[in-house]
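Chain by chain, the residues:
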Amino acid sequence: MSASTKDIKKLAQAFLRDQGYYRGDIDGMWGTLSNRAFKRYSDYLSSLDLDIGGERPVAEDGVADAVSGIVVIDPGHGGNRKIGGSSPNNATSASGVLEKTMTLDLAKRVQKQLKALSSGIPGSGIKVHLTRSGDTNLGLSDRAQVAAKKDADVFVSIHFNGFNGSVRGTETLILSTEKGNVNEREDRELAQRIQSAMLAAIRRFDANARDRGVKNNRRLGVLSDISLGNTRGESKTRACLIEVEFIDTPAVDELLNTGPNANEVRNAVAEAIAEAIIDDLRANA
Amino acid sequence: MTCVQMREHKRFKAKKQTRIRIPTPPMTNRTTMNLTIALVVLLLTGCTSVEESTDITSAYRSVWAELYPDTLAGQHAEGTLYGDFYSAAASDTRIVAERRWEKFLSDWMPGNAAFEDASHARFVNWAKLEIQRLRYLKHKNIAAAETTSKRLRQIAADME
Ligand SMILES: [Zn+2]
């Protein structure tokens, strides 16, 4: 009896999981996670150069490339008073969940995912720091300075949007060169990776997700290269600010807070962000 | 002249009507009749020849309120970005609007030209255009006010 397409997909998923590329369910449903895992495995195969015998950028047991780096995740807002240009809260979800609560929740999930992914790849060592771990506020430059003090490779500030209670979309912001960004190209690459990953994760649960793209014309204090410690000669930290969705829109509130899959959606978004950060660390190793 | 401007004219004229004092010396019957006819014509046609009022107590409606009246219900506290923005957008007279938009920009326009997130940048930019439109209205520059309204409507359309 021949195997069904679904069985073959299950076998492929199991193989990719054994190789360390896939962490989804072995269900024969070939979605974004499977595609991404397959692409990474294909990239790994094409990166092998056995004839020449040069350095292999992979661990000796053949699983995913080891990856190291320092990541600072910044949950936007917090506390009860405005400090250094940072408000305690801006957007509020349709059901009343505060943006500052959602940013902290997502930041902790991203941290957890980064640690889990890192520990699953032999030889890897990703250190993850949060600018805040409780309901406290920090000034915008103080947040960026955490990245400078920790000598971060990647700094991601997490926010949720609001507008008129009905618009949708995911957007990622970087500082433009005219506003003093000394490594805009690297920031844009990081931002694009995270933007694409977040969008794909949200689309798995909601077809109405909208891509608002990567934007570089905002004067965002938290992305100041001076505070991040980047100079033209030494620009180590790649940085962006993500606006996950418009939480004052009831459909988004249901998706992320009140609906039956809210926990799963938030985990998927966190995993997508973590994977994108790891891709960025690899690309800049 | 847009419907909104016509509405504002009518509100203004209605207010003005209530302020008419009997001039001295008393008008003749003929003068009174002519004045009444002129006022009726003005009210019925929303006559474009009447200049925009410089009276800051005139009725006002922000472009935001025209587009998104449901956001003005006061779910956000005073002193927050959203609360202060929606409050200014809900103003119904020019004097209140001017005071609230100015306070909004004074409180939320970043001193060092740095925004904290996307909604902060959007609301500050929107507020700048609303107060610009208000000033055009105040100085009877209807064409410029309308151009500013169009810019705001275009931003709103781009958000959809
Ligand atoms: Zn925010």
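Since the structure is predicted, the reported quantities are computational estimates derived from the model, not experimental observations. (Residues numbered from 1 in each chain as written. Chains lettered and ligands numbered in written order. Predicted model: local features only at pLDDT ≥ 70, side-chain atom pairs only at ≥ 80, totals over all residues. Heavy atoms only, no water.)

Bringing the overall build of chain A into the picture now. For chain A, the helix and strand inventory stands at 8 helices and 6 strands. Listing each helix as α and each strand as β along chain A from the N terminus yields α-α-β-α-β-α-β-β-α-β-α-β-α-α. Looking at chain A as a whole, 53% of its 285 residues are labelled buried. Taking the intrachain contacts of chain A between residues at least 6 apart in sequence as the baseline, contacts between residues at least 24 apart amount to 75%. Carbon and sulfur atoms form 50% of the exposed surface of chain A, whose accessible area is close to 12,400 Å². (Helix = DSSP H or I, 4+ residues; strand = E, 2+ residues; numbered from the N terminus. Buried < 20%, exposed > 50% of the residue type's maximum accessible area, 1.4 Å probe, protein only. Contact = heavy atoms within 4.5 Å. Areas by Shrake-Rupley, 256 points an atom, 1.4 Å probe, with all protein chains shown as cover.)

This brings us to the overall build of chain B. In terms of regular secondary structure, chain B is built from 7 helices and 0 strands. Taken across its 160 residues, chain B has 42% of its residues classed as buried. Long-range contacts, defined as pairs at least 24 residues apart, comprise 66% of the intrachain contacts of chain B with a sequence gap of at least 6. As displayed, chain B has an accessible area near 8,600 Å², and 57% of this comes from carbon and sulfur atoms.

The next point concerns the nonpolar core. Within soluble globular proteins, side chains that are nonpolar tend to cluster in buried spots. Ile73(A), Ile194(A), Ile277(A) and Trp101(B) are the most contacted members of the largest nonpolar core, which has 95 residues in total. The leading source of residues in this core is helix H8 (residues 262–283) of chain A, at 11 residues. Leaving out residues up to four positions away in the same chain, Ile277(A) has contacts with Val71(A), Ile73(A), Val110(A), Leu114(A), Val154(A), Val156(A) and Ile194(A). (Core = buried A, V, L, I, M, F, W, Y, C linked by side-chain atoms within 4.5 Å.)

Next up on the list: the coordination of the zinc ion. The reference angle at a metal is 109.5 degrees if four donors form a tetrahedron and 90 or 180 degrees if six donors form an octahedron. The coordination sphere of the zinc ion contains the protein donors His77(A) (NE2), Glu99(A) (OE), His159(A) (ND1) and Asp117(B) (OD), at a distance range of 2.0 to 2.2 Å. In this structure, the zinc ion is surrounded by 4 donor atoms whose angles at the metal cover 95 to 141°, and the resulting shape is irregular. Of the two residues, His77(A) sits in the loop between strand E1 (68–75) and helix H3 (99–119) while Glu99(A) sits in helix H3, which places them 22 residues apart along the sequence. For Glu99(A), a relative accessible area of 0% gives the class buried. (Donors = N, O, S within 2.8 Å, 3.2 Å for Na, K, Ca; no water. Tetrahedral: all angles 85-135°; square planar, octahedral: opposite > 155°, others 65-115°.)

Residue and element names in this part refer to chain A. Two elements in contact, helix H7 (residues 250–258) and H8, have axes separated by 6 Å at closest approach and are oriented at 90°. Judged by the inter-axis angle, H7 sits roughly perpendicular to H8. Facing H7, whose interface residues are Glu254, Leu255, Leu256, Asn257 and Thr258, H8 presents Ala262, Val265 and Arg266. Tallied by class, residues from the contact of H7 with H8 come to 4 nonpolar, 2 polar and 2 charged. (Axes fitted to C-alpha atoms, helices over the stretch in contact; angles between N-to-C directions. Parallel < 35°, antiparallel > 145°, perpendicular 65-115°, else oblique. Nonpolar A, V, L, I, M, F, W, Y, C, P; charged D, E, K, R; others polar.)

Quick look at the pairing of E1(A) now. Residues and elements named next belong to chain A. Across the 8 residues that make up E1, a large majority, 7, are buried. Pairing geometry for E1 and strand E2 (residues 125–130), over 6 bridges, is parallel. Bridging from a neighbouring strand, Ile73 pairs with Leu130 of E2. In this view, the connection linking E1 to its parallel neighbour E2 by way of H3 has right-handed handedness. The pairing of E1 with strand E3 (residues 154–161) spans 5 bridges and is classified as parallel. Residue pairing in the sheet places Pro75 in a bridge with Ile158 of E3. (Pairing = 2+ DSSP bridges. Right-handed = clockwise from strand over helix to strand, strands pointing away.)

Moving on, we get to the side chain of Arg109(A). All names here are of chain A. Note on placement: Arg109 falls in helix H3. The class of Arg109 is buried, set by a relative accessible area of 14%. Ignoring anything within four residues of it in the chain, the contact list for Arg109 reads Asn263, Arg266, Asn267 and Ala270.

Turning our attention to the environment of Arg132(A). All names here are of chain A. Within the fold, Arg132 resides in the loop between E2 and helix H4 (140–150). Owing to a relative accessible area of 3%, Arg132 belongs among the buried residues under this scheme. In sequence terms Arg132 and Lys108 are 24 residues apart; their C-alpha atoms lie 9.9 Å from each other. For Arg132, the contacting residues outside a window of four places in its chain are Pro75, Gly76, His77, Gly78, Lys100, Thr103, Leu104, Leu138 and Arg143. Within the structure, the side chain of Arg132 is placed 2.8 Å from the backbone oxygen of Gly134, a separation counted as a polar contact. (Polar contact = N/O pair within 3.5 Å; in protein donor to acceptor, adjacent residues only side chain to side chain.)

On to H7(A), then. Residue and element names in this part refer to chain A. Among all positions in H7, only Val252, Asp253, Leu255 and Leu256 are buried. For H7, the buried positions fall inside an angular range of 165° around the axis, keeping them on one side. Tucked inside the fold, the buried residues of H7 contact H3, E3, helix H5 (184–203), strand E6 (238–246) and H8. (Arc of directions from axis to C-beta.)

The next point concerns the packing of H5(A) against H8(A). All names here are of chain A. Relative orientation of the contacting elements H5 and H8 amounts to 150°, with a least axis distance of 8 Å. Considering the angle they form, H5 stands roughly antiparallel to H8. Where H5 crosses over H8, the two elements pack in a sense that is right-handed. For the pair H5 and H8, contact is made by Glu189, Leu190, Arg193, Ile194, Ala197, Met198, Ala201 and Ile202 and by Ala268, Val269, Ala272, Ile273, Ala276, Ile277, Asp279, Asp280 and Ala283, respectively. (Left-handed = near helix turned anticlockwise from the far one by under 90°.)

To continue, consider the interface of chain A and chain B. Contact with chain A, which involves 30 residues of that partner, is made by 26 residues of chain B. Taken together, both faces of the contact between chain A and chain B bury some 2,100 Å²; the carbon and sulfur share is 48%. Sorting the residues of chain A by area buried against chain B places Asn90(A), Phe163(A) and Arg219(A) first, and these three jointly supply 35% of that buried surface. Inspection of the region where chain A meets chain B yields 1 salt bridge. (Buried area = accessible area lost by both parts, 1.4 Å probe. Salt bridge = Lys/Arg side-chain N within 4 Å of Asp/Glu carboxyl O.)

What follows covers the packing of aromatic side chains. Counted by the stated rule, this structure contains 17 aromatic pairs over all chains. Look at Phe163(A) and Tyr68(B): their rings are 5.8 Å apart centre to centre, the planes differ by 75°, and that puts the pair in the edge-to-face class. Residue Phe163(A) is located in the loop between E3 and strand E4 (170–175), and its partner Tyr68(B) is located in the loop between helix H3 (63–67) and helix H4 (81–89); the two belong to separate chains. You'll find Phe163(A) and Tyr68(B) in the same group, each marked buried. Considering the side-chain rings of Phe85(B) and Phe123(B), the 4.2 Å spacing of their centres and the 20° angle between planes classify their relative orientation as stacked. Separated by 38 residues along the polypeptide, Phe85(B) in helix H4 and Phe123(B) in helix H6 (residues 118–138) bring together distant segments of the chain. (Phe/Tyr/Trp six-rings, centres within 6.5 Å; stacked < 30°, edge-to-face > 60°.)

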